[in-house]
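Spelled out from the first residue to the last, the chains are:
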Amino acid sequence: MILTAEEKQLNKDRKRNRFFEDIKIGSFLAYRQVRRSSVATTALIIFVMVLTFLNLVVVSGILVGLIQGATDAVKTLYVSDISVTPLKNKDFIENSPQIIKTIKTLPWVESATSRYLTSGVIEANYKKKIKQTDVSDEVGTIISGINVEDEEKVTHLSKYLIEGEFLKPDDNDQILVGSMLLKKYFPMETQGFATLSEVSVGDKVRVTINGNTREVTIKGIIKTKVDEISRRVFFPESQFRILAGKTDYNVNEIAVKVKAGVKPELVRDAIIKTGADKDAKIQTFDEGKPKFLTDLVNTFALLGNVVGSIGLIVASITIFIVIYINAITRRKFIGILKGIGIESSAIKTAYVMQAVFYALIGTAIGCFLLFAILKPYFDVNPIDFPFSDGILVATIPDVLIRVGLLMTATIIAGYIPARIVVRQNTLDAILGR
Amino acid sequence: MILAKNIVKKYKSGDSELVVLKGLDLHVKQGEFVAITGRSGSGKSTLMYQLSLLDEPNDGEILVDGINILKLNNKEKTQFRLRELGFVFQDYALIPELTALENVMLPLLMQGTETEVAKRSARTALEKVGLVEKLNNLPNQLSGGQQQRVSIARAIGHNPKIIFADEPTANLDSETAGTVLKVFQELNKEGQTIVMVTHEKDYASVADRVITLSDGKILETTVSEDKFLG
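Residues numbered from 1 in each chain as written. Chains lettered and ligands numbered in written order. Predicted model: local features only at pLDDT ≥ 70, side-chain atom pairs only at ≥ 80, totals over all residues.

K.L.:
Go over the overall build of chain A with me, naming the residues and quoting the values.
P.N.:
On a plain count of helices and strands, chain A comes out with 13 helices and 12 strands. With respect to the three principal axes, the spread of C-alpha positions in chain A is 100 × 55 × 35 Å. In chain A, which comprises 433 residues, the share counted as buried stands at 42%. Contacts in chain A between residues far apart in sequence, at least 24 positions, make up 81% of those at least 6 positions apart. (Helix = DSSP H or I, 4+ residues; strand = E, 2+ residues; numbered from the N terminus. Buried ≥ 20, exposed ≤ 12 C-beta atoms within 10 Å, placed from the backbone. Contact = placed C-beta atoms within 7 Å.)

Written out as structure tokens, the structure reads:
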């Protein structure tokens, strides 16, 4: 049969009107069913939805936050917003003083710090050694010469002091030692990760760099979740230069912290514009971040999504069961509704709306718990993992995606049981056959 | 108004077949109050389900105002039940979460009536059955008789052509049953066509015509004295 344009328009209008009627009747029934249902049952369903939502967001958020915490720590304590490192095949940054001076004059830079790095040996029990055959208590590690004041401005390293005192620029023969070099803080001793036994603040140790040895006192111990920092020995830069026999001022690392709200890319480009890229590699933190960290974040996010998906399936089944039981126990009334002429689509809409209501309230409570309680709590009290301070990562777009997923699952899980029950024979339903 | 021709209804139970309605013919005129009565298993309720489109006969045709309603598709049948028919069931069949007013409003809303208009019409229907003071009561806050009157209000709220009542007094004591039957009589006086199924002959006598079924066939038809004389 060929329909005229007018008839087609009429059909369209009818369908649209039908849709709005379904929504109107669906919401009329759903609202009253929810309002007059048992408070305890409604509360229980909403509680399940809250747990499901949190499972969906918090599990993946913590898994990602575990790596994010480690990444953030590397950024805060070590690399900062922009890192300036030697070019390939170079051991140091050429023209370092000029580059540092230029960087510090840039208006978007809050602070910058430079570091000398070299490998060396720290020895503890040299005074107790009597025989040649006595085993030396020594560790090979990275010795770092830092500008104490600049380092403090960029990384606030003193905050991580767990024993003793922080360095002063004019300290003589005094060092800070990373906790991972000491057995009492890092009791595992494996090949390549040796530690010093029975060494405390105030003890004298010998540091050897490039064949030059000097006896120094341990002034403090630094403990962080960043291995590069926790396995280092720190000298004030002037002392380091003397011990390392350095005659130039070329450093090995420069960490640049930009002002709040400034994009690191802007500062990186500004540094490159000065021509510093001829002598050094200039990268933002994200560019310099090892690929494995990004891969790890993605892997953990995937893992979180897998766990979340299981939660989503459980939630869908829960909603399915709740709506199915609700619909099956009300089979007779569904039959009556159909009998008196209420459209099946309107009845199904009522059940879907109930399911959406539970999911919406559950999600709203979940969002409140997430953003008002859990996230702020974990920001202030990160989970103490051995390699990171685990935070809860929950961004608005990620949360919205999960809300969308939960709603979709809810609509499907509410629709299917309603359809199963509504499809049953009207008279059989009315008569309870 | 209703013209049913050669209505046959069979039910299958395993290999056997049970013929409940055996080629039944029936004519209900506009404004008539017809009671269908008979023993249990005579087919009276089955006949009502066929006439009211709650079920579909295996054979025969049912014309309402000249339209063969059995030829309508499912959606059209639903629409027909919504607009042209009103139902009163034995166990009242009210939706437990809806108040008396909301139960009566429901078919009106489904027809696309504005909420306020539906409210007014529902209120008028409840006034007719003498329950205006119980508008906001839930079904479980009403007595059996009151629930049945709400059910009648729901059936008449949207001015249907025909009201089908399936054993409307079966769950009520005789006094309450009398009240409900009175409501039917008053509605009929106003011109409402009513088809009522009942197994109680006394109650059936309030109708203009009583059709007695036996073994799926019409055994006898009795016209009330008033109607006969009138």
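Now that the structure has been shown, we can carry on.
K.L.:
An account of the sheet that holds strand β9 (residues 209–214) of chain B is requested, with residue identities and associated values reported.
P.N.:
Residues and elements named next belong to chain B. On the basis of which strands lie adjacent, the open sheet formed by six strands has the order β6-β7-β8-β3-β9-β10 and mixed pairing. At either end of the open sheet lies a strand with only one pairing partner, and these are β6 (85–88) and β10 (217–223). Strand-to-strand, the axes of this sheet are offset by a mean angle of 20°, without reference to chain direction. (Pairing = 2+ DSSP bridges. Axes fitted to C-alpha atoms, helices over the stretch in contact; angles between N-to-C directions.)

K.L.:
Describe the nonpolar core, with residues and values.
P.N.:
Ile254 and Val256 of chain A together with Val195 of chain B are the most contacted members of the largest nonpolar core, which has 182 residues in total. When residues of this core are assigned to domains, at least three map to each of domain 1 (24–72 + 293–431) and domain 2 (88–278) of chain A. Sequence-distant contacts of Ile254 of chain A, that is, excluding residues within four places in its chain, are made with Val84, Ile93, Ile99, Ile100, Ile103, Ala112 and Ser114 of chain A. (Core = buried A, V, L, I, M, F, W, Y, C linked by C-beta atoms within 7 Å. Domains from an automatic or database assignment.)

K.L.:
Tell me what's going on with the interface of chain A and chain B, and back it up with residues and numbers.
P.N.:
Across the boundary between the two partners, chain A contributes 18 residues, which contact 18 residues of chain B. Within the residue set of the side of chain A that touches chain B, elements represented by two or more residues are α1 (5–35), α10 (331–339) and α13 (426–431) of chain A. Looking at the side of chain A that touches chain B, the element that brings in the most residues is α1 of chain A, giving seven residues. Looking at the side of chain A that touches chain B, its residues break down into eight nonpolar, five polar and five charged. (Nonpolar A, V, L, I, M, F, W, Y, C, P; charged D, E, K, R; others polar.)

K.L.:
Describe helix α2 (residues 74–84) of chain B, naming the residues involved and giving the relevant values.
P.N.:
If you check which residues of α2 of chain B are buried, you get Thr78, Arg81 and Leu82 of chain B. Down the axis of α2 of chain B, the sector holding all buried residues measures 95°, keeping them to one side. The elements touched by buried residues of α2 of chain B are α10 of chain A together with β6 and α3 (100–110) of chain B. (Arc of directions from axis to C-beta.)

K.L.:
I'd like to hear about unusual backbone geometry, residue by residue, with values.
P.N.:
All names here are of chain B. Phi is positive for Leu53, which is not a glycine, with a value near 65°. Its place among the elements puts Leu53 in the loop between α1 (44–51) and β4 (59–64). According to the C-beta neighbour criterion, Leu53 is buried, with 25 such atoms within 10 Å. Even without being glycine, Ala93 reaches a positive phi, approximately 55°. Position of Ala93 relative to the elements: it lies in the loop between β6 and α3.

K.L.:
Provide a residue-level description of the environment of Val267 of chain A, including the pertinent values.
P.N.:
Residue and element names in this part refer to chain A. Here Val267 lies in helix α7 (residues 264–273). On the neighbour-count criterion, Val267 (24 C-beta atoms within 10 Å) is buried. On a C-alpha basis, the gap between Val267 and Gln98 in space is 16 Å, while along the polypeptide they are 169 residues apart. Once residues within four sequence positions are removed from consideration, Val267 is found in contact with Ile82, Leu106, Trp108, Val109, Val256, Val258 and Val262.

K.L.:
How would you explain the pairing of strand β7 (residues 212–222) of chain A if you had to name every residue and give the values?
P.N.:
Residues and elements named next belong to chain A. By the bridge criterion, three bridges tie strand β4 (residues 161–164) to β7 in an arrangement that is antiparallel. In the sheet register, Gly164 faces β7, and the bridge partner there is Gly220. As defined by bridge partners, strand β5 (residues 174–178) adjoins β7 across five bridges and the pair is classed as parallel. Across the sheet, the residue bridging to Gln174 is Thr217, located in β7. Pairing analysis gives six bridges linking strand β6 (residues 204–209) to β7, with the strands arranged antiparallel. Residue Val207 lies in a different strand from β7, and its bridge partner there is Arg214. With antiparallel pairing between neighbouring strands as the criterion, β6 and β7 make up a hairpin whose turn holds two residues, including Asn210 at a positive phi of roughly 45°.

K.L.:
For the packing of α3 of chain B against helix α4 (residues 115–128) of chain B, give the residues involved together with the corresponding values.
P.N.:
All names here are of chain B. Following both chains from N to C, one finds α3 and α4 inclined at 125°, their axes separated by 8 Å at the closest point. Taken together, the axes of α3 and α4 are oblique relative to one another. Our pair here, α3 against α4, has a crossing hand that is right-handed. Touching Ala100, Leu101, Val104, Met105, Leu108 and Leu109 of α3 are Thr115, Ala118, Lys119, Ser121, Ala122, Arg123, Ala125 and Leu126, all from α4. In terms of residue class, the contact of α3 with α4 is made up of 10 nonpolar, two polar and two charged. (Parallel < 35°, antiparallel > 145°, perpendicular 65-115°, else oblique. Left-handed = near helix turned anticlockwise from the far one by under 90°.)

K.L.:
Can you explain the confidence of the model for chain B? Please cite residues and give values.
P.N.:
Detail in the predicted coordinates should be disregarded across regions flagged by low pLDDT. All names here are of chain B. In this model, chain B carries an average pLDDT of 91, and 97% of its residues clear a pLDDT of 70 or more. Per-element confidence in chain B is highest for strand β8 (residues 193–197), whose mean pLDDT is 95, and lowest for helix α8 (residues 225–229), whose mean pLDDT is 59. Among the prediction metrics, the complex's ipTM stands at 0.89, with pTM recorded as 0.74. (pLDDT = per-residue confidence, 0-100.)

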